[in-house]
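Notes for the structure review
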Amino acid sequence: MPNIRPISDLRNNSNEISEFCRSSREPVFITKNGVGDMVVLSLETYERQQAQLELYVKLAEAEVEIASGSESVDFFEFAKKLRDDVHGTV
């Protein structure tokens, strides 16, 4: 169930809202005059969501490349080359 609070709670209970966001990893929905106005998230939750969005964008781009018939590279060959580049040829 979403945690919904009036905007006055940001001023009066900001530490409580901050602690709730960090401990529960859930957003707090802020209302202004009874209407949704903003969402408060912990920085960790926000960064995790942004990383997921970036991953989804990259996956969508890869699917488009595959569908268009782009030349691909075998993962194991790529990983071996990457390891060799990082650690030197064994």
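Throughout what follows, the structure given in this document is the object of discussion. (Residues numbered from 1 in each chain as written. Predicted model: local features only at pLDDT ≥ 70, side-chain atom pairs only at ≥ 80, totals over all residues. Heavy atoms only, no water.)

Considerations on the overall build of the chain
From N to C terminus, the chain includes four helices and three strands. Secondary structure elements of the chain occur, N-terminal to C-terminal, as β-α-α-β-β-α-α. For the chain, the C-alpha radius of gyration of 22 Å lies well beyond 12 Å, the compact-globule estimate for 90 residues. Structurally, the chain occupies a C-alpha span of about 60 × 35 × 20 Å along its principal axes. Classification of the 90 residues of the chain by burial places 13% in the buried group. Intrachain contacts of the chain at a sequence separation of at least 6 include 31% that bridge at least 24 residues. Surface summary for the chain: the accessible area is close to 7,700 Å², and the carbon and sulfur share equals 56%. With 10 positive and 16 negative side-chain charges, the chain shows a separation of 7 Å between the mean positions of the two kinds. (Helix = DSSP H or I, 4+ residues; strand = E, 2+ residues; numbered from the N terminus. Rg over C-alpha atoms; globule rule 2.2 N^0.38 Å. Buried < 20%, exposed > 50% of the residue type's maximum accessible area, 1.4 Å probe, protein only. Contact = heavy atoms within 4.5 Å. Areas by Shrake-Rupley, 256 points an atom, 1.4 Å probe, with all protein chains shown as cover. Lys, Arg positive; Asp, Glu negative; His and termini not counted. Charge placed at Lys NZ, Arg CZ, Asp CG, Glu CD.)

Structural notes on a nonpolar patch on the surface
A surface patch of nonpolar side chains, about 420 Å² in accessible area, is lined by L53, L55, Y56 and L59. Relative to the elements of secondary structure, L59 occurs in helix α3 (residues 43-67). Judged by relative accessible area, which is 45%, L59 ranks as partly exposed. (Patch = residues over 30% accessible without salt bridge, like charges linked within 9 Å, V, L, I, M, F, W, Y side chains within 5 Å. Salt bridge = Lys/Arg side-chain N within 4 Å of Asp/Glu carboxyl O.)

A look at the packing of aromatic side chains
In this description, a pair of aromatic rings is defined by centroid distance and the angle of the planes. In the structure shown here, the tally under the stated rule is one aromatic pair. Seen in terms of ring centroids, F75 and F76 are 5.4 Å apart; in terms of plane orientation they differ by 75°. Their pairing is edge-to-face. F75 sits in the exposed class, given a relative accessible area of 55%. (Phe/Tyr/Trp six-rings, centres within 6.5 Å; stacked < 30°, edge-to-face > 60°.)

Some words on the environment of D74
Note that D74 resides in the loop between α3 and α4 (75-87). You can call D74 partly exposed: its relative accessible area is 39%. C-alpha separation for the pair D74 and R5, spaced 69 residues apart in sequence, amounts to 51 Å. A polar side-chain atom of D74 sits 3.2 Å from the main-chain amide nitrogen of E77. (Polar contact = N/O pair within 3.5 Å; in protein donor to acceptor, adjacent residues only side chain to side chain.)

Section: the pairing of strand β1 (residues 3-6)
Burial of the side chains of β1 is restricted to one face: N3 and R5 are buried, whereas none of I4 and P6 on the reverse face is. As paired strands, β1 and strand β2 (residues 28-32) are joined by four bridges and run parallel to one another. Residue pairing across strands places P6 opposite T31, the latter belonging to β2. (Pairing = 2+ DSSP bridges.)

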